[in-house]
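Here is how the chains run, residue by residue.
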Amino acid sequence: MAAKGDPLRALKGLSGMRRRRLVILLLLGLCLQPVQVQMTGTTSYSSKCPSRGLCSKLPPVCLSCNTSTSCRYGKPATFQCSVKPAVDCVDESGQPQKTFPFLMKCQFCWQLPPSQYRCSESTSCMTVSCPRKRYNATCSVLDHVHCLGNREFHKMLYCNWTGGYKWSTALALSITLGGFGADRFYLGQWREGLGKLFSFGGLGIWTLIDVLLIGVGYVGPADGSLYI
């Protein structure tokens, strides 16, 4: 009986057929391991690259281009591009292609119009302030858009978010129940709401002023968000 913990002696104790099967299984495991690693490495972009599609229509993630910043801004520029490994594409005649000239507009990614990138939103900055406040947003270019430079960049944007408060509801409460501070309570301004409640809307003067301020949008939610 083979000693416990000695794999070599245990292997010798097996019959010839079982020994050959075990060796074959070990060799198959060693051969398949690099294939699995290679497939995992290409999945990140190969899923976004249509097979046998036009090379000129591929998204930037599928291409490696030799770009240059010496082109004229806003003008069409041609750069030499090649497809990445595991990407198959064809030219206009249906022939496989690996390297080709690519025509694109000469502009940096941060110079794109807002419709061609998406930015992070901030829910902590005040939207109702004078002057309007900005926040540092992280923006990413859409997958199908080609541009020069980094596809992720920072940009100072105006605070523009909403907490779900409706201007029409706030105005209606100010007109009907403003004397009891209902409009201020709705907007999250409970201190002002208590003041209006115990002063009967400032004897009507405060109520009238709030109707005007909410009507023009000067008084907004306490969290600094915009009306819906």
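Residues numbered from 1 in each chain as written. Predicted model: local features only at pLDDT ≥ 70, side-chain atom pairs only at ≥ 80, totals over all residues. Heavy atoms only, no water.

(A) Here's a closer look at the nonpolar core. Leu-58, Val-83, Val-87 and Phe-100 are the most contacted members of the largest nonpolar core, which totals 18 residues. Of all elements in the fold, only β3 (76-83) and β5 (99-105) reach the threshold of two or more residues within this core. If you tally residues by element for this core, the top one is β3, at four residues. If we skip the residues at most four places from it in the chain, Val-87 touches Tyr-45, Cys-49, Leu-58, Cys-62 and Lys-98. Formed by 13 residues, the second largest nonpolar core is a distinct cluster that contains Cys-125, Tyr-135, Val-145 and Trp-161. (Core = buried A, V, L, I, M, F, W, Y, C linked by side-chain atoms within 4.5 Å. Buried < 20%, exposed > 50% of the residue type's maximum accessible area, 1.4 Å probe, protein only. Helix = DSSP H or I, 4+ residues; strand = E, 2+ residues; numbered from the N terminus. Contact = heavy atoms within 4.5 Å.)

(B) Region of interest: the sheet that holds strand β2 (residues 63-66). The strand order across the open sheet formed by three strands is β2-β3-β5, and the pairing between neighbours is antiparallel. Where the open sheet ends on each side, the last strands, each with one partner, are β2 and β5. The mean inter-strand angle of the sheet, taken between neighbouring strand axes irrespective of direction, is 45 degrees. (Pairing = 2+ DSSP bridges. Axes fitted to C-alpha atoms, helices over the stretch in contact; angles between N-to-C directions.)

(C) Just the pattern of salt bridges, in detail. Applying the stated criterion across every chain yields a total of four salt bridges. Asp-88 is the partner of Lys-98 in a salt bridge, and the nearest nitrogen-oxygen pair spans 3.9 Å. Separated by ten residues along the polypeptide, Lys-98 in the loop between β4 (89-90) and β5 and Asp-88 in the loop between β3 and β4 bring together distant segments of the chain. Taking the shortest distance from any N to any O, the salt bridge between Asp-210 and Arg-184 comes out at 2.7 Å. With Asp-210 in helix α7 (residues 205-215) and Arg-184 in helix α4 (residues 182-186), this residue pair connects regions lying 26 residues apart in the sequence. Among the charged side chains, a salt-bridge network with shared partners connects Asp-183, Arg-184, Lys-196 and Asp-210. (Salt bridge = Lys/Arg side-chain N within 4 Å of Asp/Glu carboxyl O.)

(D) Region of the structure containing the state of the cysteines. Throughout the structure, instances matching the rule amount to six disulfides. The disulfide partner of Cys-49 is Cys-62, and the S-S distance across this bridge is 1.9 Å. Looking down the S-S bond of the Cys-49 and Cys-62 bridge, the torsion is -105 degrees, so its handedness is left-handed. Remark: Cys-62 occurs in the loop between β1 (53-54) and β2 and Cys-49 occurs in the loop between α2 (16-46) and β1; sequence separation between them is 13 residues. Across the pair, Cys-62 and Cys-49 agree in class, each one buried. (Disulfide = S-S within 2.5 Å.)

(E) Representation of the packing of helix α5 (residues 190-198) against α7. Interaxial distance between α5 and α7 falls to 10 Å at its minimum, and their mutual angle equals 140 degrees. Taken together, the axis directions place α5 and α7 in an arrangement best described as oblique. Contacts between α5 and α7 involve Glu-192, Gly-195 and Lys-196 from the former and Trp-206, Thr-207 and Asp-210 from the latter. Here the contact of α5 with α7 is built from residues that sort into one nonpolar, two polar and three charged. (Parallel < 35°, antiparallel > 145°, perpendicular 65-115°, else oblique. Nonpolar A, V, L, I, M, F, W, Y, C, P; charged D, E, K, R; others polar.)

(F) Focus on the confidence of the model for the protein. In the predicted model, the protein carries a mean pLDDT of 82, and the fraction of residues at 70 or more is 80%. Confidence scores differ between elements of the protein, with helix α1 (residues 7-13) showing the lowest mean pLDDT of 54 and strand β6 (residues 117-119) the highest of 95. When the criterion is pLDDT under 50, residues 34-42 qualifies, and its contacts beyond four places in sequence or with other chains add up to one contact. (pLDDT = per-residue confidence, 0-100.)

(G) Broad picture of unusual backbone geometry. At Arg-52, a residue that is not glycine, the phi angle is positive and equals roughly 60 degrees. If you trace the backbone, Arg-52 turns up in the loop between α2 and β1.

(H) Main features of the packing of helix α3 (residues 167-177) against α7. Where α3 meets α7, the axes come as close as 9 Å, and the angle between the chain directions of the two elements is 165 degrees. Between α3 and α7, the interaxial angle falls into the category roughly antiparallel. Remark: the crossing between α3 and α7 carries left-handed chirality. Contacts from Trp-167, Ala-170, Leu-171, Ser-174 and Ile-175 of α3 reach α7 at Thr-207, Asp-210, Val-211, Ile-214 and Gly-215. Its residues assigned to classes, the contact of α3 with α7 shows six nonpolar, three polar and one charged. (Left-handed = near helix turned anticlockwise from the far one by under 90°.)

(I) Up close: the environment of Ser-199. Looking at the secondary structure, you find Ser-199 in the loop between α5 and α6 (200-203). According to the relative accessible area criterion, Ser-199 is partly exposed, its value standing at 24%. Residues Ser-199 and Gly-179, spaced 20 residues apart in sequence, show a C-alpha to C-alpha distance of 8.4 Å. Here the side chain of Ser-199 touches Gly-195 through a polar contact of 2.6 Å, landing on its backbone oxygen. (Polar contact = N/O pair within 3.5 Å; in protein donor to acceptor, adjacent residues only side chain to side chain.)

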